[in-house]
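Spelled out, the chains give:
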Amino acid sequence: MQKSSIYILCFAAGIGIVSVLYFLSLILHIPYIACVLLSLTALTLFCRWTNKLNTEESPANSFLPLLILLTGVIIITNETYYQATKYGAWDAWAIWDLHAHYLTDADNWKNMFLNKEHAHPDYPLALPATLAFLYDPFPGAVHYLISFALHYSIMLCVPVLLLLQTYKRSILLAGIAFFYLLTRDIYLIQGTYYLADTLLALFFMSAFIAVDSCESDNRYIVLCAAMLGCSAWTKNEGIVLSIVFMVFYWRMLFARKNLKYTFIGLSPFLLVLLIFKGFYAPGNDLVTSQHGDALNKIMNGARYKTVWLAFKKSVSNYYYLPACGVALTVLISIVRRKALPKAISVILACCFIYLLVYIVTPLDLEWHLKTSIDRVLYQLIPATLYILVMYFTGGSLIRFRGGFSSIRSFPR
């Protein structure tokens, strides 16, 4: 892994660490200043630990990647200036930012769980707890500036991390993936809506990057597991993504020699998620609103057609290039009579589960698709772009044999 990439992963993990400690401080009635000191200590120890990992230095002739990086930063900053709104989209101020403001009140934060009509208090708290931690010392008049700064940083980290981890494989493909992502309207719009989807996309892509670095140092499994834990602590969809990832990479993550690393990285986030879901959050509306007709929906062919058409439209409008890359990967595997690479299998399995959720949704199907399918597929795109660049340049993306794929390495 690039040395500079470690800093971005530390930033991502820092969001998870701060949010966990802040949530625990509310439960245990720990004063805010003590939470700040604990957070600073934890972040310092974590950053010192990452400095011990095996990393790669940037090559001396890195002018072109630097030029691409600076150009991209200018583009995304300029576009963000014109796209961003003061309070973000409806979901931002009615759900995520609202939860953050509840959490700033140490005495009454549990009232958040009474607001069940449209505010979705069952959503995990990585983003709201981080915002609350940052909001607490400042007056409400500047909270929107803090929110903008955090979301802009997250939105910038995703393409930058993608470029840093792929340009040594192929500057051409890395540049294409980099500029493709940061010039997509869907990426800029979702990033400036101030929702949790870009944060989830960062965590999920980071998990693949971390697992890809385990060949040089198996301690990277701590980072991989932490990114999976952060994904689950960010959104309900993140729980699905993390479980699918662990199913396909279970032999690596839960091998005897690696089990302690997986436990260290995953356990803090799994613990707070279980506390949150088990003792505070109400049931998820997609689960609690089921009325025993799920089987009828599964047997209803018209629902499959509706979901497929919506999926195809979303891919055609926003994700055509990565979809073509995935299709080409599948075709190569068929022609070579080899199993799909595990990383591609993870992406396809996540898509399949998302589509199955739409099939059995208790909500109005067309409304549910219209309001969310573009966004949930968006969560997978940065990871997909990283996987495709590594695949077509002969990157490892792990040569570990096992899981649901017997492929030994990517084609060269």
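Residues numbered from 1 in each chain as written. Predicted model: local features only at pLDDT ≥ 70, side-chain atom pairs only at ≥ 80, totals over all residues. Heavy atoms only, no water.

1. Focus on the overall build of the chain
Cut-off, in case you're wondering: Where helices and strands are cited, they refer to DSSP runs of H or I of at least four residues and of E of at least two residues respectively, numbered from the N terminus. It is over C-alpha atoms that the radius of gyration is taken, and the globule rule equals 2.2 Å times the number of residues to the power 0.38. Burial classification: accessible surface area is computed with a 1.4 Å probe over protein chains only, and a residue below 20% of its type maximum counts as buried, one above 50% as exposed, and the rest as partly exposed. Between two residues, a contact is recorded if the distance between any of their heavy atoms is within 4.5 Å. Methods summary: accessible areas were calculated by the Shrake-Rupley approach with a probe of 1.4 Å, and residue burial reflects only the protein chains presented.
Summing up its helical and strand segments, the chain has 20 helices and 0 strands in all. Relative to its length of 412 residues, the chain is compact, with a C-alpha radius of gyration of 21 Å against a globular reference of 22 Å. A principal-axis box enclosing the C-alpha atoms of the chain has dimensions of 60 × 55 × 50 Å. Per-residue burial for the chain yields a buried fraction of 53% across its 412 residues. Long-range contacts, defined here as pairs at least 24 residues apart, represent 80% of the contacts in the chain between residues at least 6 apart. Entry remark: accessible area of the chain is about 18700 Å², with carbon and sulfur atoms responsible for 65%.

2. Some points on the side chain of Gln190
Its place among the elements puts Gln190 in helix α8 (residues 185-192). Owing to a relative accessible area of 8%, Gln190 belongs among the buried residues under this scheme. In this view, Gln190 contacts Leu195, Asp197, Thr198, Arg375 and Tyr378; residues no more than four positions away in its chain are not counted.

3. A word on the confidence of the model for the chain
Rules: Per residue, pLDDT captures the predictor's confidence, and it can take any value from 0 to 100.
Per-residue confidence for the chain averages 89 on the pLDDT scale, and 93% of its residues sit at or above 70. Below pLDDT 50 for its whole length, residues 399-412 participates in 40 contacts with residues either more than four positions away or in separate chains.

4. Re the packing of helix α18 (residues 342-360) against helix α19 (residues 365-378)
We apply this condition: Working convention: axes come from line fits to C-alpha atoms, limited for helices to the stretch in contact. Angles between N-to-C directions cover 0 to 180 degrees. Note on terminology: angles under 35 degrees are roughly parallel, angles over 145 are roughly antiparallel, angles of 65 to 115 are roughly perpendicular, and the others are oblique. For a crossing to be left-handed, the near helix must be turned anticlockwise from the far one by less than a right angle; the clockwise case is right-handed. Each residue receives one of three labels: charged for Asp, Glu, Lys and Arg, nonpolar for Ala, Val, Leu, Ile, Met, Phe, Trp, Tyr, Cys and Pro, and polar for the others, Gly being one of them.
Closest axis-to-axis distance for the α18/α19 pair is 11 Å, and the angle between their directions is 165°. Looking at the two axes, α18 sits roughly antiparallel to α19. Like other packed secondary-structure pairs, α18 and α19 cross with a definite hand, here right-handed. Every residue of α19 that contacts α18 at Cys351, Tyr354, Leu355 and Tyr358 is listed here: Leu365, His368, Leu369, Ser372, Ile373, Val376 and Leu377. Grouping the amino acids of the contact of α18 with α19 by side-chain chemistry returns 9 nonpolar, 2 polar and no charged.

5. What about the packing of helix α1 (residues 3-27) against helix α2 (residues 32-50)?
At their nearest, the axes of α1 and α2 sit 9 Å apart, and the two run at 150° to each other. Between α1 and α2, the interaxial angle falls into the category roughly antiparallel. Classified by chirality, the crossing of α2 by α1 is right-handed. On α2, the residues that touch Ile6, Cys10, Ala13, Gly14, Ile17, Val18, Leu21, Tyr22 and Ser25 of α1 are Tyr32, Cys35, Leu38, Ser39, Ala42, Leu43, Phe46, Cys47 and Thr50.

6. A closer look at the pattern of salt bridges
Going by this rule: Between Lys or Arg on one side and Asp or Glu on the other, a salt bridge is scored when a side-chain nitrogen of the former is within 4 Å of a carboxyl oxygen of the latter.
Overall, the coordinates contain 5 salt bridges when judged by the stated rule. Lys235 serves as the salt-bridge partner of Asp197, at 3.0 Å between the closest nitrogen and oxygen. Here Lys235 lies in the loop between α10 (220-234) and α11 (236-248) and Asp197 lies in helix α9 (residues 197-212), a separation of 38 residues in the sequence. When its relative accessible area of 4% is taken as the criterion, Lys235 is described as buried. Its salt-bridge partner being Arg219, residue Asp217 comes within 2.8 Å of it at the nearest N-O pair.

7. Here's the deal with unusual backbone geometry
At His29, a residue that is not glycine, the phi angle is positive and equals roughly 60°. The residue His29 is located in the loop between α1 and α2 in this model. Assessed through its relative accessible area of 64%, His29 is described here as exposed. Backbone geometry places Arg337, a non-glycine residue, at a positive phi of 55°.

8. Observations concerning the packing of aromatic side chains
Quick reminder of the rule: Stacked, tilted and edge-to-face are the three classes applied to pairs of Phe, Tyr and Trp rings, where Trp contributes its six-membered ring and a pair requires centres within 6.5 Å; stacked means planes under 30 degrees apart, edge-to-face means over 60, and tilted covers the rest.
All chains considered together, the criterion is met by 25 aromatic pairs. Here Phe23 and Tyr280 contribute two aromatic rings whose centre-to-centre distance is 6.1 Å and whose plane-to-plane angle is 80°, an arrangement assigned as edge-to-face. Note that Phe23 is positioned in helix α1 and Tyr280 in helix α13 (residues 259-280), a separation of 257 residues in sequence. Measuring from centroid to centroid gives 5.1 Å for Tyr81 and Tyr82, while their planes differ by 85°, and the two rings are edge-to-face.

9. Digging into α9
In an α-helix, one turn spans 3.6 residues; hence positions three or four apart end up facing the same way. Basically, it comes down to this: Given a helix with a known number of residues, its expected span is that number minus one, times 1.5 Å.
Taking 1.5 Å of rise per residue, 16 residues should cover 22 Å, and α9 covers 23 Å from first to last C-alpha, within 8% of that figure. Burial analysis of α9 places 16 of its 16 residues in the buried class, which makes it a mostly covered element.

10. Details of helix α7 (residues 171-182)
The terminal C-alpha atoms of α7, which comprises 12 residues, lie 16 Å apart, in line with the 16 Å expected from a rise of 1.5 Å per residue. Of the positions making up α7, those classed as buried are Ala174, Gly175, Ala177, Phe178, Tyr180, Leu181 and Leu182. The inward-facing, buried residues of α7 contact α3 (63-83), α6 (143-166), α8, α16 (301-318), α17 (320-336) and α20 (381-392).

11. Focus: the environment of Met299
On the secondary structure map, Met299 appears in the loop between α15 (294-298) and α16. Using a relative accessible area of 65% as the deciding quantity, one classes Met299 as exposed.

12. So, the environment of Ala302
If you trace the backbone, Ala302 turns up in helix α16. What makes Ala302 partly exposed here is its relative accessible area of 48%. Through-space distance from the C-alpha of Ala302 to that of Ile359 is 9.7 Å; in sequence the pair is 57 residues apart.

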